[in-house]
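Structural description and commentary
Spelled out from the first residue to the last, the chains are:
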Amino acid sequence: MRSLMLHLHRYMGLTIAAFLVVSGLTGAIISWDHELDEWLNPHLNEVHTKGEALSAFVLADKVEAEFPKVEVTYFDVHPEPGHSQYFWVQPRVNPETGHLYKPEFNQVYVDPVSGDIIGKREWGAVWPITRETFMSFLYKLHYSLHIPEFWGTDHWGIWLLGVIALIWTFDCFVGAYLTLPKGGRSKKRENSRSYMKRWAPSWKVRRSAGPIRFNFDLHRALGLWTWGLLFVIAFTAFSLNLYREVFFPVMSAVSDVTPSPLDQRTPNDHDNPITPTLTFADVSKVARQEADAIGWSQPVGSIWYARDWGIYRVEYFAGGDSHGSGGVGHEAIFFDGHTGEVLGDFVPWEGTAADIFVQAQFPLHSGRILGLPGRILISIMGIVVAALSITGVIIWYRKHKAKERRIAEARQQKPASAT
């Protein structure tokens, strides 16, 4: 059994090691993506014009008038004081080709007072990597590896890392098993105290034992001390990357999960987005009425039009609080883009036990569930994940080279022994 587990751990680890180094190091940085992005790009994020801000709906119209090949799909209704108003945009369909235009930008930044467009950029651009695209490059690398679209989908990188995360989740248990003392507890009816005494060295790093032993001890002890966090990060990476394909269907089959309107509709092809009848301003009015009827006092904070589904999602929050309760988001209502019909709502940390478990996946993965301490912890864990992968490869490489030397020595000795 132990030999099988050792082989599984070795080859699963080698399969996922390079991916985990990339994901770990990028994850350590993107825990602070908003702060770092604002620091790198004050020319996009800061404004100093004095006066009353224009309506976000007016500014959205200005963006679409300035760039007729794109349409606005998301914006915060009330930007933070001293900050620009930014808009997410997506390309319209080129009537001559039937395919989407390629505008080479998907974010537009506007001075909310003057209405002047102060910049635009492509979030997640692969090349060129500039100050404006650096953080989004790392963010997208973290969850998709920037694998391009082919065979009609751009999800290949997301799916690949989802599979890697699933292997990693299983490997967490295999690695933990291998740290246990050989022989188990059945040997001579060993009591718990004696068994734990034999297991104790696995938790320690002997710095004076030489570089080879130090590397092995570091790999084993680091994995044990952080096992719980490693499992959480691995599992949530799987659930986020394979949400629609595996996680949500499995959760729905084994528990009482409330599907969102997006889960209940099949999205259109990217080249065939659904054009809404209602404008952002129309939806904002309906959303305010619905919130008042429910008793929600927070203002309309953001509006997203999911054009592949034909659905508006309206979130309620004050300006500057875009991340919501522990990273899970804000109270939200979904509206049909044609009729304005309420399709469902979302309330953070409410619903069935399964609903709350599903909601917790991103807050757990990002550490935002614990606020600032959680984000710091996730940054540290990103480095730990990379270190475990590197030390694991070193262990394999040294054993592999030692095995090659033994084989070579055995071959050299055969002629001598034969004579």
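In the block above lies the structure referred to throughout.
The structure reproduced in this document is the subject of the present report. (Residues numbered from 1 in each chain as written. Predicted model: local features only at pLDDT ≥ 70, side-chain atom pairs only at ≥ 80, totals over all residues. Heavy atoms only, no water.)

1. Considering the sheet that holds strand 8 (residues 342–346)
Quick reminder of the rule: Pairing between strands requires that DSSP locate at least two bridges from one strand to the other. Numbering of helices and strands runs from the N terminus; a helix is a DSSP stretch of H or I covering at least four residues, while a strand is a stretch of E covering at least two. Throughout, an axis means a line fitted to C-alpha atoms (over the contacting stretch in the case of helices), and angles, computed between N-to-C directions, take values from 0 to 180 degrees.
The 8 strands lie next to each other as 4-3-2-1-5-6-7-8, forming an open sheet whose pairing is antiparallel. Pairing within the sheet leaves two strands with one partner each, and these edge strands are strand 4 (117–121) and strand 8. Within the sheet, the average angular offset between the axes of one strand and its neighbour, ignoring direction, is 25 degrees. The pairing of strand 1 (residues 70–76) with strand 5 (residues 300–306) spans 3 bridges and is antiparallel. Paired with Phe75 across the bridge in strand 5 is Ile303.

2. Brief notes about the environment of Phe105
What counts here: The rule is simple: take the accessible area with a 1.4 Å probe, protein chains only, and divide by the maximum for that residue type; under 20% is buried, over 50% is exposed, in between is partly exposed. The contact criterion used is simple: two residues touch if any of their non-hydrogen atoms lie within 4.5 Å.
Tracing the sequence through the fold places Phe105 in the loop between strand 2 (85–91) and strand 3 (107–110). The buried category is assigned to Phe105, whose relative accessible area is 10%. In the structure, Phe105 is positioned 35 residues away from Val70 in sequence and 9.3 Å away in space, judged by C-alpha atoms. If we skip the residues at most four places from it in the chain, Phe105 touches Phe67, Val70, Val89, Lys120, Arg121 and Glu122.

3. Section: the packing of helix 5 (residues 134–144) against helix 6 (residues 156–179)
Packed helix pairs are characterised by how far apart their axes lie and by the angle those axes make with each other. Selection criterion: Just so you know how the angles are binned, under 35 degrees is roughly parallel, over 145 roughly antiparallel, 65 to 115 roughly perpendicular, and the rest oblique. Each residue gets one of three labels, nonpolar for Ala, Val, Leu, Ile, Met, Phe, Trp, Tyr, Cys and Pro, charged for Asp, Glu, Lys and Arg, and polar for the others, Gly among them.
Running from amino to carboxyl end, helix 5 crosses helix 6 at an angle of 55 degrees, the nearest separation of the two axes being 7 Å. Overall, the two elements helix 5 and helix 6 adopt an arrangement that is oblique. Contact residues: helix 5 offers Leu141, His142, Tyr143 and Ser144, while helix 6 offers Gly157, Ile158 and Leu161. Residues of the contact of helix 5 with helix 6, tallied by class, amount to 4 nonpolar, 3 polar and no charged.

4. Some thoughts on helix 2 (residues 33–40)
Along an α-helix, residues three or four apart share an orientation, since each turn contains 3.6 residues. Filter applied, for reference: This arc is taken over the directions from the axis of the helix to the C-beta atoms.
Burial in helix 2 covers these residues: Asp33, Asp37 and Leu40. Buried residues of helix 2 fall within an arc of 65 degrees about the axis and therefore sit on the same side. Check the buried side of helix 2 and you find it contacts helix 1 (2–30), helix 3 (42–45), strand 4 and helix 5.

5. Observations regarding the packing of aromatic side chains
Note the following rule: Here a pair means two rings of Phe, Tyr or Trp (six-membered ring of Trp) with centres within 6.5 Å. Their orientation is stacked below 30 degrees between planes, edge-to-face above 60, and tilted elsewhere. Only when the NZ of Lys or the CZ of Arg is both within 6 Å of the ring centre and within 35 degrees of the ring normal is a charge said to sit over the ring.
On inspection of all chains with the given rule, the structure shows 25 aromatic pairs. Each member of the aromatic cluster is reached from another via a ring pair, and the members are Phe173, Trp227, Phe231, Phe235, Phe238, Tyr243, Phe247, Phe248 and Phe357. Lys120 extends its terminal NZ or CZ atom over the ring of Phe105, reaching a point 5.6 Å from the ring centre. One residue, Arg313, lies across the ring of Phe346, its end atom 5.3 Å from the ring centre.

6. Section: the side chain of Ser84
Rules: What qualifies as a polar contact is a pair of N or O atoms within 3.5 Å, subject to a donor-acceptor requirement within protein and to the restriction that residues adjacent in sequence count only when both atoms come from side chains.
Relative to the elements of secondary structure, Ser84 occurs in the loop between strand 1 and strand 2. A distance of 2.6 Å separates a polar atom in the side chain of Ser84 from the backbone oxygen of Leu44. In this view, Ser84 contacts Leu44, Asn45, Val47, Pro79, Tyr109, Val110, Pro112 and Ile118; residues no more than four positions away in its chain are not counted.

7. With respect to unusual backbone geometry
A cis geometry characterises the amide bond from Trp127 onward to Pro128, with omega recorded as -5 degrees. Note that Pro128 resides in the loop between strand 4 and helix 5. The phi angle at Leu145 is positive, at roughly 60 degrees, despite the residue not being glycine. Mapped onto the elements of the fold, Leu145 is located in the loop between helix 5 and helix 6. Phi angles above zero are rare outside glycine, and Trp349 is one such case at about 60 degrees. Structurally, Trp349 can be placed in the loop between strand 8 and helix 13 (353–359).

8. Describing the pattern of salt bridges
Cut-off, in case you're wondering: Definition used for salt bridges: Asp or Glu carboxyl oxygen within 4 Å of a side-chain nitrogen of Lys or Arg.
What the rule picks out here adds up to 14 salt bridges. A salt bridge links Glu64 to Arg92, with the nearest nitrogen and oxygen atoms 3.6 Å apart. Linking Glu64 in helix 4 (residues 56–66) with Arg92 in the loop between strand 2 and strand 3, this pair joins segments that are 28 residues apart in sequence. Relative accessible area serves as the criterion here: at 23%, Glu64 is assigned to the partly exposed category. When the shortest N-O distance is used, the salt bridge between Arg92 and Glu71 registers 3.9 Å. Here Glu71 lies in strand 1 and Arg92 lies in the loop between strand 2 and strand 3, a separation of 21 residues in the sequence. Taking relative accessible area as the criterion, Glu71 reaches 13% and is therefore assigned buried.

9. Brief notes about the pairing of strand 2
Side chains Gln85, Phe87, Val89 and Pro91 project from strand 2 onto a buried face, and the interleaved Tyr86, Trp88 and Gln90 project onto a face without burial. Bridging between strand 1 and strand 2 involves 5 bridges; their strand directions are antiparallel. Counterpart to Phe75 in the pairing with strand 2 is Phe87. Pairing of strand 2 with strand 3 involves 4 bridges; the strand directions are antiparallel. Looking at strand 3, one finds that Phe87 is bridged to Val108.

10. Some words on the packing of helix 2 against helix 5
Axis separation between helix 2 and helix 5 bottoms out at 9 Å; the angle between their running directions is 155 degrees. By the criterion of interaxial angle, the relationship of helix 2 to helix 5 is roughly antiparallel. Residues Asp33, Leu36, Asp37 and Leu40 of helix 2 lie in contact with helix 5, whose contacting residues are Phe134, Met135 and Tyr139. The residue inventory of the contact of helix 2 with helix 5, partitioned by class, reads 5 nonpolar, no polar and 2 charged.

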